Structure formats: C-alpha cells, structure tokens
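# Analysis of the macromolecular model
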Amino acid sequence: MFRLYKMAILALGAVTASTAFFACAANNNQTEFIAGVVNKNSKTESVAEEYNIYKDFEYNIGDDGNISITRYLGKESSVKVPSYINGLPVSAISSHCFQNEDNPHAVKSVAIPSTVSSVSALAFYKSKYLQKIICEKNGSYADSNGVLYTADFANLIAYPENRQNKEFIMPDTVTTIYCNAFSYCDNIERVVLSPMLEVIPDYAFSENASLKEVQAQHNIKSVGYAAFNKCKSLMKISLPSSVIKINEQAVIECDKLECIEAAGSNDCIMEFADSLGVSYKSLYN
C-alpha cells in the first residue's frame, strides 16, 4: 500500500449564475406564462486531500474508518470493487471513479459489493465503454439488466453509457432519475419514462448521439436545464399536460428536433415549442 497526497479544488468562492425557466401559473383563475430565476453559487478553496492505493484502486479512509473508492486505475474490462481493504469496509464510490473516454482497456462492467451504501451520481460519468453495472444484494442498491437503482427501485442512478439496447422502458416504480443518468449513452434511440416520474432533471439526456424520441408520461411537472443537450438525432419529445415548468435551456443544440407533443392542451409547452421554432402538437386522449 502506498500513501500519496494530491491537491483538490473544492467549491467555496462567490460566483453567481442565473438560469431562467418557463412556467405556467394560476393567477386569478387565468393561466399566464411567467419567468423565474434560479441562482447557483459556487466557491473555491484549495485543500490537501490524502489518498491511498490498494491494487488497482485509489481510496480515502474516512474518520469513521469506512473507505471510499475514488478512482479505478487498472486495465481490466470487468471490475469487482473490493468489499474490504485491509480489514476496513468499502462503503462508498466517489464521482468520476470509472471515467474513461479513450483507454483501449476501458471498463465494460462493474460489480458493486454489498458493503457499499453510497454511490455518487457521477460515479460512472463518462465511462464510455461501460455496458453493465452489477450490484450484490444489499439494503442500498440494486441492478436490473445492467442499470443501477436504489434498492427500492425508486431512484434510477446510472444507465451504462455503452449499454447495447436501442430502447429503454423505465420501470413504473421509478420516481426520480439522477442528473446525468443517461448522459453520453450513444446507443439508445427511444426512452419511455416512468409514469411516477415528476421531474426530468438537469443534463438527464445530455449528448445522446442516437436518441430520437422521449416519451414522458402523465406525472411530469418540470424539465430541467440541458435535459436534452446536444442530442443530435432527437426528433420528437412527448410531454404530458401536467407540465408546469420548463427551463428555457432544457433543449440545447438538438438540430433535428421537429415537434414537441403534449397529451392535452398546455400553454407552457406550446410557448416553449414556439421559442425553439419547432411545431407543437396537442393530443387529446
């Protein structure tokens, strides 16, 4: 085991950014098109962070004696995260742990042990060749067909970027999908969202090269910033009449987008489609 040190940049400073959203709101029994502002603060500070090496894994030891895996350094295509390192339990997988864009020895599958109780939403971000995530049975996480969820299947955490399926029908149990959950998934062409889902979060489908259609069901309330970012093949988005808020930059550089459909009349969706210069189609069921 080697002990090393590195400098990490943490958010502390004071930079403010603003993003606007489209929304429909009730006002004296009338629906009006309104704009709101969401502020985001970020700060910077430089601190020293200690890390260690065990076999092909970089890791940190927390004050509670639990281990967080911070980076996979090896060349195996199938990786099993260790349950224990030097007698201490591995309980967390950090962001960007398996990021690998151009390595010919890139990871294709990852097995998560039962000791892990925390997985970063960005743990598999830009893991370009990853095809499946396998999770040993525990109280925190589960997998289905290579996709990672919380154990109750209420939260979809990560869809492997190189999963080979062209279509994905989300389980009805899913109420939340994590930001970037489907980012950089180049093979998927059609997604049907869960009827229990209320929010399409920021960057949910960012840079999906082959994505052509997304069908959202009746509970969706809002669509986040860059939810559909640089989806170069995207032609149609179907949204329910329940939508009340769409970030003005929810769709960015989707050059082939032709139509936004609404399952029923919805002024919010209609005006958003108009702002993009694409057609709006109201579907009455």
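Residues numbered from 1 in each chain as written. Predicted model: local features only at pLDDT ≥ 70, side-chain atom pairs only at ≥ 80, totals over all residues. Heavy atoms only, no water.

### Examining the pattern of salt bridges
It is possible for side chains bearing opposite charge to pair when their charged atoms get close. In total, this model carries seven salt bridges according to the counting rule given. A salt bridge links Glu213 to Arg190; its shortest N-O distance comes to 3.7 Å. In this pair, Glu213 is assigned in strand E20 (residues 213–215) and Arg190 in strand E18 (residues 190–192), connecting sequence segments 23 residues apart. Glu261 is the salt-bridge partner of Lys236, the closest N and O atoms lying 3.8 Å from each other. Residue Lys236 is located in strand E23 (residues 236–240), and its partner Glu261 is located in strand E26 (residues 259–263); the two are separated by 25 residues in the primary sequence. By relative accessible area, which is 25% here, Lys236 ends up partly exposed. The class of Glu261 is buried, set by a relative accessible area of 11%. One salt-bridge network, in which partners are shared between bridges, spans Glu167, Arg190, Glu213, Lys236 and Glu261. (Salt bridge = Lys/Arg side-chain N within 4 Å of Asp/Glu carboxyl O. Helix = DSSP H or I, 4+ residues; strand = E, 2+ residues; numbered from the N terminus. Buried < 20%, exposed > 50% of the residue type's maximum accessible area, 1.4 Å probe, protein only.)

### Section: the pairing of strand E9 (residues 88–93)
Examined bridge by bridge, strand E6 (residues 67–72) and E9 share three bridges and lie parallel to one another. Looking at E9, one finds that Ser68 is bridged to Ala92. As paired strands, strand E8 (residues 84–85) and E9 are joined by two bridges and run antiparallel to one another. Following the sheet pairing, Ile85 is matched in E9 by Leu88. Counting the residues that bridge the hairpin from E8 to E9 gives two residues, and of these Asn86 lies at a positive phi of roughly 50°. As judged from the two bridges shared by E9 and strand E11 (residues 118–119), these two strands associate in the parallel manner. Bridge pairing in E11 places Ala92 opposite Ser118. (Pairing = 2+ DSSP bridges.)

### Description of the sheet that holds E20
Pairing between the strands of a sheet is mediated by backbone hydrogen bonds and can be parallel or antiparallel. Ordered in space as E16-E18-E20-E23-E26-E27, the six strands form an open sheet in which the pairing is parallel. Each of the sheet's edge strands pairs with one partner strand only, and the pair in question is strand E16 (167–169) and strand E27 (279–282). Each neighbouring strand pair of the sheet contributes to a mean axis angle of 10°, computed without reference to strand direction. In this structure, E20 lies alongside E23, joined through three bridges in parallel fashion. Note that in E23 the partner of Glu213 across the bridge is Lys236. (Axes fitted to C-alpha atoms, helices over the stretch in contact; angles between N-to-C directions.)

### A word on the sheet that holds strand E17 (residues 176–177)
The sheet built from four strands is open, its strands ordered E13-E14-E15-E17 with mixed pairing. This sheet does not close on itself; its edge strands, each paired only once, are strand E13 (141–144) and E17. Looking at chain direction, E13 and strand E14 (residues 147–150) are connected through four bridges and run antiparallel. Across the sheet, residue Ala142 finds its bridge partner in E14, namely Tyr149.

### Description of the nonpolar core
In terms of nonpolar packing, the biggest core is built from 42 residues, with Ile200 and Phe228 touching the most fellow members. Where this core is concerned, the elements lending two or more residues are E14, E23, E26 and helix H1 (267–276). The element contributing the most residues to this core is H1, with four residues. Grouped together as the second largest cluster of nonpolar side chains are 26 residues, Tyr72, Ile112, Val116 and Ile133 included. (Core = buried A, V, L, I, M, F, W, Y, C linked by side-chain atoms within 4.5 Å.)

### Side note on the state of the cysteines
A complete count under the given rule lists zero disulfides for this structure. Considering cysteine sulfurs only, Cys231 is the nearest to Cys254, which forms no disulfide, with 4.6 Å between them. (Disulfide = S-S within 2.5 Å.)

### Here we look at the packing of aromatic side chains
If you walk through the whole model with that rule in mind, you get 11 aromatic pairs. Centre to centre, the rings of Phe205 and Phe228 are 5.5 Å apart; their planes meet at 5°, and the pair counts as stacked. You can see Phe205 sitting in the loop between strand E19 (199–200) and E20 and its partner Phe228 sitting in strand E22 (residues 228–229), a full 23 residues away along the chain. Assessed through its relative accessible area of 1%, Phe228 is described here as buried. One aromatic cluster in this structure is built from Tyr159, Phe168, Phe182, Phe205 and Phe228. (Phe/Tyr/Trp six-rings, centres within 6.5 Å; stacked < 30°, edge-to-face > 60°.)

### Quick word on unusual backbone geometry
Backbone geometry places Lys126, a non-glycine residue, at a positive phi of 55°. Here Lys126 lies in the loop between E11 and strand E12 (132–135).

### Comments concerning H1
Taken together, the buried positions of H1 are Cys268, Ile269, Phe272 and Ala273. Seen end-on, H1 carries its buried residues on one side only, within an arc spanning 130°. Backbone geometry just downstream of H1 places Gly277 in the positive-phi region, at approximately 80°. (Arc of directions from axis to C-beta.)

None of the figures reported here should be taken as evidence of function without further support.
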